[in-house]
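Chain and residue survey
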Amino acid sequence: MQTINGWLFDIYPNETGLTLWLIGEDGQRHRFFQDFSATVYAAGPSARLRALWRSLREQPVPVRLSRAERTDVFQGKTVTLAVEVQQPARLDELFRTMTAAFPDLTWYDGDISLALRHAAAFGVFPLARCVVELRGEKIASLTPLDTPWDLEPVPAPLRVLSLEPDCDPAHWEPRALIVSYERVRYSLPLEKTIPLLIGLAADLRRYDPDVILTSWGDTWLLPRLMQLCNESGMRLPLNRDESQALVERKEHTYFSYGQIVYRGRQVQLRGRWHLDRHNAMLWNDYGLAGVLEMARVTRQPVQDAARLSPGTGISSMQFVTALQKDILIPWHKNQAETPKTVLELMRSDMGGMVYQPTIGLHRDVGGIDFISMYPGIMVKFNISPEVKRAGPPQSLQPAPGDPGIIPLTLAPLLKKRLALKQALLTLPRWDCRRPVYQALASAHKWLLVTCFGYLGYKNARFGRIEAHEAVTAYGREALLRAKEAAEDLDFEILHMYVDGLWVHKEGCKTPADFQTLLADVTERTGLPISLDGVYHWVVFLPSRLDERVPVANRYFGVFQDGSIKVRGIEARRRDTAPFIAETQMSIMEILARAGDAEHLKDVYPRALSFADSEMKALRAGRVPLEKLLVSQKLSRELGEYSSPSPAARAVRQLEAAGKLVRPGQRVRFLFTLGKPGVQAWDVAQQPDPRCVDVKRYQALLTRAVETVLDPIRQSINAGKKEESWDLFPVFPRVSLAPAPPGGD
DNA sequence: TACAGTCGGGG
DNA sequence: GTGTACGACTGTA
């Protein structure tokens, strides 16, 4: 028997069992095989289960049958027929046949991927460090040496080869491919097919990368290479396992978090990973470290983790918990989505606690947040679909008994996130672990957020609306207790929003001045809370439609470390032209240089004149057209628009030029003079700079400047009382006159 | 003024 | 392999 240590790299089914790839500590890439069986469960009347038993005896896929008692989270202990399928590759086919023949039975675990089953069975995950015992090429035992929850796992020595065209193939025709790895970098002309394929094949064999990192590899490059191979009859060893075909995932569009999301097609490799940075979910935010972390904690294979959708990641984690705890995973609930009743609509108003902020500028403000409030509540108070609630939320008492499936799943993730946050607080600014920790923490963030949403989702396997409501009820209670704590310590509450509050007290200017409050809130709620920071000053903005009305989520401010926090205003919106957003940010940076609020009056003139110079640049045509592009996400098919929004008109131009834009994709356009008022960007001909509707951009800029400068000016003037001759100047207003009727 | 369409925030 | 929230705001007619 031979033993090898290494990092688990890839797993997929072959004809008889599983193929596993291991990056050995010896530097070799090993391919092994493993026997593996997958079990599905059926429950129902015993006569029907006996009939199923008989029918399974008479079909060709080898199965082992037994009677098993398992837990259904909604029904409790349940007697089932366990069907152990010994050829994992044939599971899907057999499951389809069984459910078609016995649709009246209740099915469990049928649609759980082999990767998750394997992860649950052995406690492994992508890039887990393992000890493997071998008999020949067969795995006799597989033991993990680390867990997904380690903060500093021994990193796998991945070989990464990057491959990208010399321009964006959606808009231009690339002429060359740029190949780079380690210190090698060169380009291959695309028109010379044979040398291109020979060169690439040679590098793939010589360097034998673990990861092929591409730009537009899913949508353009790999399909193109496959096509070139077909035409020329040459082979390109993209897969490390050359016995396997490339795996293609189709493009699709889906709804998530109230908006439509578009995922382009994906090309996956076997024995190697292909990652397309332009098609990976939130690659920009997290990078490779984030994708790997996602794979570790969700146990999804890395290439899937790269484009994981909301819900799938957290569901995967729940499924692994369920498999390990012998909890049955219902086969997808076939409940049709029923329209919300009036009662439910009213209930939805009772989500998070919102308190109207006090409009205007405030100095020396503590921003305090519960850390991952909703997940923290689920863990602390044991909220899970199968757990009976004890008292009312006002008691802030955990439900009794063993932790349910949701807390079990979330607890280690939450603990790791808190540990990362803690480490980030203490690590010095220059520490190279900082960006990595940041990426990991961000990757966890949305898994945790989504878990809460999933509790309230009817089609989630472990969802239950009562549990969802319990979470928000605890949340409101916790925030109220925080408010009481602050008031008992004589803090003034300026604003509260779901899981955060903004407080002020004369003389409290440093983080230390808020420690008593933090400790008190933790004491009263049992939930971790942290100081987001102490603002030198923060502005809560009024509604645009009625300046007497505050809005909860439009504010900006400057922390004592000089960093700026912005919510809801133009600079935060992805449909704001970069020129407008950057100008607004720059103005806030000028204001931030004031340090404390007393010195805002010193920097205000500078901010005003900066805004003015940007306005002049705009009028003089010195702003590059790219900076004026507005980008909006298409929410539906072009034909489904009932009103010709600017985005819809831009899409019409694109489609006229033969460019299809799918719902969920973004469309970029300029505001232009005359009809139709917009000019789509991603078409062949560049717009004439003279067509730009400068007036409209002036109005947009004016608005963005006023958003940040008006409250500052008002606050300075308020300090000056009646000296009206000394009023600070207003930014000259440019507004759009209503378009003349007819026009054209 | 009404309406249709897009966005943020949660983090 | 997907959560169809809510409220603010903008653009169009």
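What counts, and at which threshold
- Along each chain, numbering runs from 1 in the same order as the chain's sequence is written.
- For naming, the first written chain is A and the first written ligand is 1, with later ones following in the order written.
- Local features are withheld for residues below a pLDDT of 70 in this predicted model, meaning they are given only at 70 or higher, and side-chain atom pairs are given and counted only at 80 or more; totals for whole chains, interfaces and linings count all residues.
- Based on all heavy atoms of the structure, the side-chain values leave hydrogens and waters out of the count.
- Within this scheme, the nonpolar core is defined by two criteria: the residues are buried Ala, Val, Leu, Ile, Met, Phe, Trp, Tyr or Cys, and they are joined through side-chain atoms within 4.5 Å.
- Categorising residues by exposure relies on relative accessible area from a 1.4 Å probe, with only protein chains included: less than 20% of the type maximum marks a residue as buried, more than 50% marks it as exposed, and the intermediate range marks it as partly exposed.
- A run of H or I in DSSP becomes a helix once it reaches four residues, and a run of E becomes a strand once it reaches two; helices and strands are each numbered from the N terminus.
- By definition in these notes, contact holds between two residues if any of their heavy atoms fall within 4.5 Å.
- By definition, two strands form a pair when at least two bridges between them are found by DSSP.
- For helices, the fitted line uses only the C-alpha atoms of the stretch in contact; every axis is such a line through C-alpha atoms, and the angle between N-to-C directions lies from 0 to 180 degrees.
- Each Phe, Tyr or Trp ring, with Trp reduced to its six-membered ring, pairs with another whose centre is within 6.5 Å; inter-plane angles below 30 degrees give stacked pairs, above 60 give edge-to-face pairs, and intermediate values give tilted ones.
- Any residue with a non-hydrogen atom lying within 4 Å of a molecule or strand is treated as near it.
- In the analysis that follows, any N or O atom pair within 3.5 Å is treated as a polar contact, provided that within protein one partner can donate a hydrogen and the other can accept it, and provided that, for residues neighboring in sequence, both atoms belong to side chains.
- Per the annotation, domain bounds derive from an automatic or database assignment of domains.
- Joining two parts hides part of their accessible area as seen by a 1.4 Å probe, and the buried area is that hidden amount summed over both.
- Counted as salt bridges are all cases of a side-chain nitrogen of Lys or Arg within 4 Å of a carboxyl oxygen of Asp or Glu.

One finds Phe 370, Ile 377, Met 378, Ile 383, Phe 462 and Val 503 to be the most contacted residues of the largest nonpolar core, which totals 83 residues. Tallying contributions element by element places helix 13 (residues 465-488) first for this core, with 9 residues. Apart from residues no more than four positions distant in its own chain, Phe 370 is found in contact with Ala 478, Leu 479, Ala 482, Asp 499, Val 521, Thr 525, Leu 527, Pro 528 and Ile 529. The next biggest cluster of nonpolar side chains, apart from the first, holds 60 residues, and it includes Phe 556, Leu 629, Val 667 and Leu 709.

Moving on, we get to the sheet that holds strand 19 (residues 354-355). If you walk across this open sheet you meet the 7 strands as 19-21-22-20-23-24-25, and the pairing is antiparallel. Of all the strands in the sheet, just strand 19 and strand 25 (564-567) have a single pairing partner and so form its edges. Examined bridge by bridge, strand 24 (residues 550-559) and strand 25 share 4 bridges and lie antiparallel to one another. Paired with Phe 556 across the two strands is Val 566, which belongs to strand 25. Strands strand 19, strand 20 (360-370), strand 21 (492-497) and strand 22 (500-504) of the sheet are contacted by helix 13, whose axis makes an angle of about 165° with strand 21. Where helix 14 (residues 515-525) meets the sheet, its contacts fall on strand 20, strand 22 and strand 23 (529-542), and the angle it forms with strand 23 comes to roughly 105°.

Here we come to the pairing of strand 21. In regular strands, side chains alternate between the two faces of the sheet. Pairing of strand 19 with strand 21 involves 2 bridges; the strand directions are antiparallel. Bridge pairing links Tyr 355 to Met 496 in strand 21. Direction of pairing for strand 21 relative to strand 22: antiparallel, over a ladder of 5 bridges. What sits directly across from Tyr 497, in strand 22, is Gly 500. What sits between strand 21 and strand 22 in their antiparallel hairpin is a turn of 2 residues, with Val 498 showing a positive phi close to 55°.

Another point: the packing of aromatic side chains. Taken as a whole and assessed by the stated rule, the structure comprises 15 aromatic pairs. Taking 4.2 Å as the distance between ring centres and 10° as the angle between the ring planes, the aromatic pair formed by Phe 9 and Trp 273 counts as stacked. Residue Phe 9 is located in strand 1 (residues 2-13), and its partner Trp 273 is located in strand 18 (residues 273-276); the two are separated by 264 residues in the primary sequence. Considered together, Phe 9 and Trp 273 belong to a single accessibility category, that of buried residues. Each ring, one from Tyr 535 and one from Phe 559, has its centre 4.2 Å from the other, and the planes form 25°; the classification is stacked. You can see Tyr 535 sitting in strand 23 and its partner Phe 559 sitting in strand 24, a full 24 residues away along the chain. Both residues of the pair, Tyr 535 and Phe 559, belong to the buried class.

So, about the protein's contact with DNA strand B. Taken together, the neighbourhood of DNA strand B is formed by 22 residues, with Arg 417, Asp 499, Gly 568, Arg 574 and Ser 635 sitting nearest. Protein-adjacent atoms of DNA strand B, using a 4 Å cutoff, are sugar or phosphate at a proportion of 84%. For DNA strand B, a sugar or linking oxygen lies 2.5 Å from a polar atom in the side chain of Arg 417. Gly 568 places a polar main-chain atom, nitrogen or oxygen, 2.5 Å from a phosphate oxygen of DNA strand B. Where the surface near DNA strand B is concerned, the elements lending two or more residues are helix 12 (433-455) and strand 26 (630-633).

Turning next to the domain arrangement of chain A. Accessible area lost upon the coming together of the parts serves often as the stated size of an interface. Domains assigned within chain A are domain 1 (347-405 + 459-567) and domain 2 (569-744). Between domain 1 and domain 2, the C-alpha centre-to-centre distance is 33 Å. At the junction of the two partners, domain 1 supplies 14 residues and domain 2 supplies 19 residues. When domain 1 packs against domain 2, close to 1,500 Å² is buried across both sides, 69% of that on carbon and sulfur atoms. Of all residues in domain 1, Trp 537, Phe 556 and Val 566 give up the largest surface area on contact with domain 2, accounting jointly for 32% of the area buried on that side. At the boundary of domain 1 and domain 2, one finds 2 salt bridges. Between Glu 570 and Arg 544 there is a salt bridge; the shortest N-O distance is 3.4 Å. Between domain 1 and domain 2 we count 5 residue pairs in polar contact (both at pLDDT 80 or more) in total. Of all the secondary structure elements, the ones that give two or more residues to the side of domain 1 that touches domain 2 are strand 20, strand 23, strand 24 and strand 25. It is strand 23 that contributes the most residues to the side of domain 1 that touches domain 2, 4 residues altogether.

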